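Overview (structure and organization)
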Amino acid sequence: MICVGALILSCSKQAYYEIPTDASGKVILTGISSTTTTGISTLDGSFTVTATFATAKSGDLMSVELLQLQIPPSGGSTKQLLPMTGTQKQATVGADLKATVTYTRADAKLVNATDYVTVVFNGATDYAKARVDMVPATTVSKPKVGSKDVDVARTSETAYFNVVVAPKSAAYSGSLVAQRKNGTSGTWVPITGSPFSGTQPFLVPISGTDFAAGKDTMFYEFSGAMGGYTDKVAATIIVRDPYFFLKKSATLALGGSSAGRNLLINAAVAENAATANIAISGSLILKGGSAWLAAGKTIQFVPSTLAMFEANNSTSTIAAFNAGTPTATADPIIGDGVYIYKVVNGAAPTDVYYGLIKTTSVLPGVSVSFDYRVGNMYAHLLVIQ
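The structure displayed is predicted, hence computed values, not measured ones.

This paragraph deals with the pattern of salt bridges. Enumeration according to the criterion identifies six salt bridges in this entry. Here Asp 133 ties to Arg 131 by a salt bridge, and the two come within 2.9 Å at their closest N and O atoms. Residue Asp 133 is classed as partly exposed on the basis of its relative accessible area, which comes to 31%.

Okay, here's the thing in structure tokens:
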């Protein structure tokens with residue numbers, strides 16, 4: 001009986017879903033409808049959505065409407081995605097199987113960045129939808145020196161906000177108004193150069209000297225306008241005491257290709273390399289590389305403390321160097337093994353680099369390892385890596 005039952009089951013017809021084919025028997029594959037949109041920013045007055053259909057036919061009529069989060073007519077506290085009154089339209093599918101609609105921001109009740117609506121196309125044989133978010137037209141970078149982000153320090157150097165105004169509907173040809181106030185009770189004042197115009201990004205200056213003594217917070221506002229709309233973006237910057245921008249680690253090994261170091265790019269080099277602004281030779285005493293020194297460049301050292309290394313205050317560090325007695329060499333095992341250094345790598349003021357070295361380990365007769373801080377000017381960020 002068991003074998004008979006198995007035979008009966010194997011002979012029964014399996015139910016399969018029919019796969020649609022064309023006249024030649026080839027399987028008909030249908031895609032999924034898709035949408036594209038111009039988008040809308042806080043400086044645009046309208047947006048357009050185009051749907052490309054998979055199963056609709058040329059000439060089909062599509063009902064289109066906007067949906068937005070709303071409290072349902074039945075009440076309650078939870079918003080639902082519901083049709084917006086007065087946004088119903090009709091669009092005809094073209095020969096390219098596309099249909100396009102345009103809505104104004106007033107139609108969609110888009111006011112602020114992050115507001116959004118959903119556009120829905122409904123037809124007899126197809127359907128498509130798209131979410132359209134209103135985005136800021138204006139973007140503001142952190143303060144930069146070249147391409148490098150910086151924390152603004154209380155120095156006379158200047159960094160720049162990179163501000164871009166980019167509506168969706170057209171290239172921006174207007175200007176940018178920029179203002180600032182120091183502290184919550186401060187008065188708004190125009191930033192030097194405002195209004196800015198011309199090539200973007202607009203470079204809006206910021207300097208540590210903009211901050212009054214005792215006031216470490218500055219508020220900024222950037223405004224662009226187009227087509228009757230205004231876009232405002234705010235930023236807040238807290239100034240800090242001057243500091244060394246980068247902290248790195250290095251090991252110098254007697255002889256060979258790593259007896260020297262290019263402190264500016266943290267590259268191991270030979271003691272006699274032209275870029276060895278610190279090196280060891282014959283002993284673990286720190287000094288400048290022989291060829292580098294022969295080119296008229298110098299490095300000098302003043303003993304310091306672990307507390308100064310950790311504090312990372314370039315103003316007090318440079319003052320301590322100037323108050324000390326610089327020497328051309330440094331013994332890494334004397335005292336805390338911490339030194340302030342001054343590198344003169346060229347004739348320009350920006351070729352002078354101050355920093356701090358902290359010895360981390362010494363292998364007698366073999367190598368010395370240290371952490372170091374480097375970069376006390378914004379201009380150094382374009383060189384050091």
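Judged by nonpolar contacts, the single largest core of 52 residues is most densely connected at Val 204, Tyr 220, Phe 222, Leu 286, Phe 301 and Tyr 341. Apart from residues lying up to four places away in sequence, Tyr 220 is in contact with Phe 161, Gln 179, Arg 180, Trp 188, Ile 191, Ile 206, Asp 210, Val 233, Ala 234, Ala 235 and Ile 237. Counting 24 residues, the second largest nonpolar core, distinct from the first, contains Ala 51, Met 84, Val 119 and Ala 128.

Another point: the sheet that holds strand β18 (residues 229–238). Pairing in this open sheet of four strands is antiparallel, and the strands run β15-β14-β17-β18 from one edge to the other. The sheet is open, and its two borders are formed by β15 (189–190) and β18, each paired with just one other strand. Looking at chain direction, strand β14 (residues 177–182) and β15 are connected through two bridges and run antiparallel. Opposite Arg 180, over in β15, you have Val 189 as the bridge partner.

Looking now at the side chain of Glu 157. For Glu 157, the location among the structural elements is in the loop between β12 (148–149) and β13 (158–165). In this structure Glu 157 is buried but unpaired, with Arg 240 as the nearest side chain of opposite charge at 12 Å. Engagement of the side chain of Glu 157 in a polar contact is seen with the backbone nitrogen of Tyr 378, the distance being 2.8 Å. Residues within four places of Glu 157 in sequence aside, it is in contact with Ile 206, Ser 207, Gly 208, Asn 376, Met 377, Tyr 378 and Ala 379.

Here the focus is unusual backbone geometry. Residue Pro 195 follows Ser 194 across a cis peptide bond; omega there is 0 degrees. Checked against the element boundaries, Pro 195 lands in the loop between β15 and β16 (202–207). In this structure, Pro 201 follows Gln 200 across a cis peptide bond, with omega equal to 5 degrees. Positionally, Pro 201 belongs in the loop between β15 and β16. A positive phi angle, near 55 degrees, is found at Asn 266, a position not held by glycine. For Asn 266, the location among the structural elements is in the loop between β20 (260–262) and β21 (267–269). Positive phi values are uncommon outside glycine, yet Asn 312 reaches one of about 55 degrees. Given a relative accessible area of 12%, Asn 312 falls into the buried group.

How each quantity is defined
- Residues numbered from 1 in each chain as written.
- Predicted model: local features only at pLDDT ≥ 70, side-chain atom pairs only at ≥ 80, totals over all residues.
- Heavy atoms only, no water.
- Salt bridge = Lys/Arg side-chain N within 4 Å of Asp/Glu carboxyl O.
- Buried < 20%, exposed > 50% of the residue type's maximum accessible area, 1.4 Å probe, protein only.
- Core = buried A, V, L, I, M, F, W, Y, C linked by side-chain atoms within 4.5 Å.
- Contact = heavy atoms within 4.5 Å.
- Pairing = 2+ DSSP bridges.
- Helix = DSSP H or I, 4+ residues; strand = E, 2+ residues; numbered from the N terminus.
- Lys, Arg positive; Asp, Glu negative; His and termini not counted.
- Polar contact = N/O pair within 3.5 Å; in protein donor to acceptor, adjacent residues only side chain to side chain.

Fair warning: the whole summary comes from geometry, so function is off the table for now.
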